[in-house]
Amino acid sequence: MATETKLKLHTMLGNYPITKALKSGAVRSDLVDFDFVEVKVANNLFKQVVRDAKYDVAELAIVTYLQAKAYGKPYVLVPAVVVSRGQHHTIAYNPDRGPLKPSDLNGKRVGVRAYTVTTGTWVRGILASDYGVDINKVEWITFEDPHVAEYRDPAIVKRAPEGKELTQMLLDGELAAGIVGDKLPDQKLKHLIPDAEAAGQKWAERHHGIPINHMLVVRQELSRARPDVIKDIFRQLHESKRAAGLPDGGELDPYRFGVEACRPILDIIIAFCHQQKLIPRRISVDELFDDTTRVLGTS
């Protein structure tokens with residue numbers, strides 16, 4: 001919707017250091033006004049993006065975007081990382097139920113909010129690649145539907161009984177381990193991967209990047225019709241990053257801008273998604289972008 005010469009864009013972005021200057025209006029534009037939806041936890045609105053195409057501009061988990069791409073949803077990826085982190089510390093177990101190491105997971109039950117969540121995809125890929133886990137011999141217990149409605153979980157995924165909660169199931173011994181996210185939800189729990197932070201750092205150094213959680217997406221028709229607007233959105237988010245004093249450049253920059261900067265980590269998460277039957281074929285990195293977004297950050 002145009003307001004005089006500016007385009008007003010319905011936008012969903014979480015509150016992070018990288019978005020602060022953009023959302024406060026400290027970073028300005030002659031082309032765009034953002035109509036920001038109020039959001040405390042961005043992933044609560046991801047279904048609105050991929051099921052209802054509700055926003056012109058949005059933050060989206062990378063696995064959700066890969067599935068959205070596979071099912072023809074009307075969004076294109078912008079090469080701008082909004083959230084990234086190490087993943088090794090996000091899987092936990094209850095030591096009161098006995099010792100456990102990653103290679104012990106074969107044949108056991110592991111909880112995760114949904115099979116399709118990006119953190120879960122990263123953790124499964126890392127466990128399979130580096131810790132001898134056959135993820136097809138684990139029973140994955142979930143609590144929520146996928147964001148993309150058309151996707152169906154594979155047979156190794158089972159839904160927890162109604163009313164059950166992941167942390168309590170861990171404490172009660174109904175799950176051997178659980179992918180619990182950035183912080184341990186109970187002091188009795190312990191990280192499954194030893195020296196998780198150091199292991200995550202070594203992984204990032206070995207793979208030339210920090211695992212990506214969320215990136216920016218824009219409506220496909222907007223990208224085709226107004227490449228100048230998309231370029232300006234990219235500029236504004238990059239300026240917002242700099243305003244926050246965040247590292248800008250280098251292999252371990254958590255907030256990468258530009259296709260080539262994002263390519264090594266996107267290659268890995270695409271491979272993990274294909275291996276885990278989250279997408280029907282191994283999409284190339286270049287397919288995620290269009291002629292407008294593919295060149296952002298190259299000049």
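Per chain, residues are indexed from 1 in the order of the written sequence. With pLDDT at 70 or above as the cut-off, local features in this predicted model cover only qualifying residues; side-chain atom pairs require 80 or more to be listed or tallied, and sums for whole chains, interfaces and linings still use all residues. Derived side-chain values reflect all non-hydrogen atoms in the structure, with water molecules and hydrogen atoms excluded from consideration.

Bringing the pairing of strand 12 (residues 212-219) into the picture now. Exposure categories follow from relative accessible area, calculated using a 1.4 Å probe and restricted to protein chains: below 20% of the type maximum is buried, above 50% is exposed, and the middle band is partly exposed. For the purposes of this entry, the term helix denotes a DSSP run of H or I that reaches at least four residues, the term strand denotes a run of E that reaches at least two, and both are numbered from the N terminus. Burial analysis of strand 12 places eight of its eight residues in the buried class, which makes it a mostly covered element. Two strands pair if DSSP finds at least two bridges between them. In this sheet, strand 12 lies alongside strand 4 (residues 57-61) in antiparallel orientation, the contact comprising five bridges. Bridged to Glu59 within strand 12 is Leu216. Where strand 5 (residues 75-84) and strand 12 come together, seven bridges link them in antiparallel fashion. In the sheet register, Leu77 faces strand 12, and the bridge partner there is Val217.

With that out of the way, let us pick up the side chain of His214. Summarising the element assignment, His214 is placed in strand 12. A relative accessible area of 11% means that His214 is categorised as buried. Distance and chemistry together define a polar contact, namely a pair of N or O atoms within 3.5 Å, with one atom able to donate a hydrogen and the other to accept it when in protein, and with adjacent residues in sequence counting only for side-chain atoms on both sides. Among the polar contacts made by the side chain of His214, one reaches the side chain of Glu59 at a distance of 2.6 Å. With residues up to four places along the chain from it excluded, the contact list for His214 reads Tyr16, Phe46, Glu59, Leu60, Ala61, Ile62, Val81, Val82 and Val83. Contacts: residue pairs with any heavy atoms within 4.5 Å of one another.

With respect to the secondary-structure elements, Thr90 resides in the loop between strand 5 and strand 6 (91-93). With residues up to four places along the chain from it excluded, the contact list for Thr90 reads Arg85, Thr119, Val123, Gly178, Ile179, Val180, Gly181 and Asp182.

Quick look at helix 9 (residues 259-275) now. Helical geometry: 3.6 residues make up each α-helical turn, so side chains three or four residues apart lie on a common side. Multiplying 1.5 Å by the residue count of a helix minus one yields the expected span of that helix. Taking 1.5 Å of rise per residue, 17 residues should cover 24 Å, and helix 9 covers 23 Å from first to last C-alpha, within 8% of that figure. Its axis deflected by about 35° at Ile265, helix 9 carries its strongest bend there. Buried residues belonging to helix 9 abut helix 3 (62-70), strand 5, helix 4 (118-130), helix 6 (196-207) and strand 12. The bend reported for a residue corresponds to the angle between axes fitted to the seven residues ending at that residue and the seven starting there.

Next up on the list: the pairing of strand 7 (residues 109-112). Pairing between strand 7 and strand 8 (residues 139-142): three bridges, direction parallel. Following the sheet pairing, Gly111 is matched in strand 8 by Ile141. With three bridges connecting them, strand 7 and strand 10 (residues 177-179) associate as parallel partners. Counterpart to Gly111 in the pairing with strand 10 is Gly178.

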